[in-house]
Amino acid sequence: MKYAIFSDIHGNLEALNAILKVCKDNNVNAYLCLGDIVGYNANPKECMEIVRSLPEFVCVKGNHDEYASNGDPDASGFNPHAKAAVLWTQSQLTEEEREYLANLPMRGNIRGANMALVHATLEAPSSWGYIFDVYQAEDHFASQFTQLCFFGHTHVPVMFAKKPVTMVSGRKIEEIPEWADRREGGYSEEELETFAPISCPIQQGYKYLINIGSVGQPRNRDRRASFVIYDTNTKMVTRYRVPYDFRTSQKKILEAGLPERLANRLERGM
């Protein structure tokens, strides 16, 4: 079974279409979304329509899904640019679309795959907390009863592994640095136009907490759309970094009257 797992589309139609082509080429069977279908970018309706039509589709709620559907005119907790995007998104959606987002669950479990889904954290999903380091991951693992948990929210890919109890030497929870491929100086233009998957095996006895990055607004200095395919037969999880037509996404943001900063950050991946 092949699962495509993606998060933080944020209304970026060009990025979404790019990753779905990769999914088709890889014969994906089911599609799992970790929330924030909408927000920031200019095609919330189109992105919602596409993902809702995907086979075996499961989705959990993100904070932008929450605020775009709850009718809160203050959008408290958001910075001015995010608030402007949320309020604009509210105005674009129908009552039925807002109701769909409002009724999304906060957590999900995929039966038979030993896999949990959440936008932020399992222990308090509606608090919209962040996980960036091993200390925050340790708190999370106390609430994780599946071998795998996939999450989003930070827009920054990271993978943590918790060793089996029989392995007592060293730190019990470690980050797997290959997954993030972190570059403090960013990436070259040549790299940013390259299709670059990163694969990691899932080992028996370990637990994994995996941030898959963002489809529609990456923040790790890599503007490529990031998502994951998990193959339950090979026990391999692969993060794909997919170039897309971000210039068109930028143009749409500006034409919609959304903040210019939202367009600029698509190029920078920050």
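Once a new chain begins, its residue numbering starts again from 1 and follows that chain's sequence as written. Where local features are concerned, this predicted model is filtered to residues with pLDDT of at least 70; where side-chain atom pairs are given and counted, the filter is 80 or more; whole-chain, interface and lining totals use all residues. Only hydrogens and water are removed before side-chain values are computed, so all heavy atoms of the structure are retained for them.

(A) Region of interest: the layout of surface pockets. Of the two site types, the cavity is a set of points on a 1 Å grid over the protein atoms alone where a 1.4 Å probe fits but cannot get out, and the pocket is an open set with protein on both sides within 12 Å along at least five of seven lines, each lined by residues with an atom within 4 Å of a point. Grid points are joined across faces, edges and corners, and a volume is the space filled by probe spheres set on the points. Taken as a whole, the largest pocket encloses approximately 270 Å³ of empty space. If you trace the largest pocket, you find 17 residues lining it, with Asn-63, Gly-77, Phe-78, Tyr-130 and His-153 closest to the centre. With three residues, helix α3 (residues 63–69) is the single largest residue contributor to the lining of the largest pocket. Its residues assigned to classes, the lining of the largest pocket shows six nonpolar, eight polar and three charged. Contributing to the lining of the second largest pocket are 14 residues, with Val-156, Arg-182, Glu-184, Arg-219 and Asn-220 lying nearest its centre. Gly is placed with the polar residues, together with every amino acid not listed as nonpolar (Ala, Val, Leu, Ile, Met, Phe, Trp, Tyr, Cys and Pro) or charged (Asp, Glu, Lys and Arg). Looking at the lining of the second largest pocket, its residues break down into seven nonpolar, one polar and six charged. A run of H or I in DSSP becomes a helix once it reaches four residues, and a run of E becomes a strand once it reaches two; helices and strands are each numbered from the N terminus.

(B) Layout of the side chain of His-140. Note on placement: His-140 falls in helix α6 (residues 134–141). Of the residues examined, His-140 reaches a relative accessible area of 0% and is grouped as buried. Those residues in contact with His-140 that sit more than four places away from it in its chain are Val-118, Thr-121, Leu-122, Glu-123, Ile-131, Cys-149 and Leu-209. Exposure categories follow from relative accessible area, calculated using a 1.4 Å probe and restricted to protein chains: below 20% of the type maximum is buried, above 50% is exposed, and the middle band is partly exposed. Between two residues, a contact is recorded if the distance between any of their heavy atoms is within 4.5 Å.

(C) Main features of the packing of helix α2 (residues 44–52) against helix α5 (residues 95–102). Angular values range over 0 to 180 degrees, each being the angle between N-to-C directions of two axes fitted as lines to C-alpha atoms, with helices fitted over their stretch in contact. Closest axis-to-axis distance for the α2/α5 pair is 12 Å, and the angle between their directions is 60°. In terms of axis orientation, α2 runs oblique to α5. Crossing of α2 against α5: the hand is left-handed. Of α5, the residues touching α2 (which contributes Lys-45, Met-48 and Arg-52) are Glu-96, Glu-97, Tyr-100 and Leu-101. Split by residue class, the contact of α2 with α5 holds three nonpolar, no polar and four charged. In these notes the angle categories are as follows: under 35 degrees is roughly parallel, over 145 is roughly antiparallel, 65 to 115 is roughly perpendicular, and the rest is oblique. Should the near helix be turned anticlockwise from the far one by less than a right angle, the crossing is termed left-handed; should it be turned clockwise, right-handed.

Geometric values such as these leave the question of function open.
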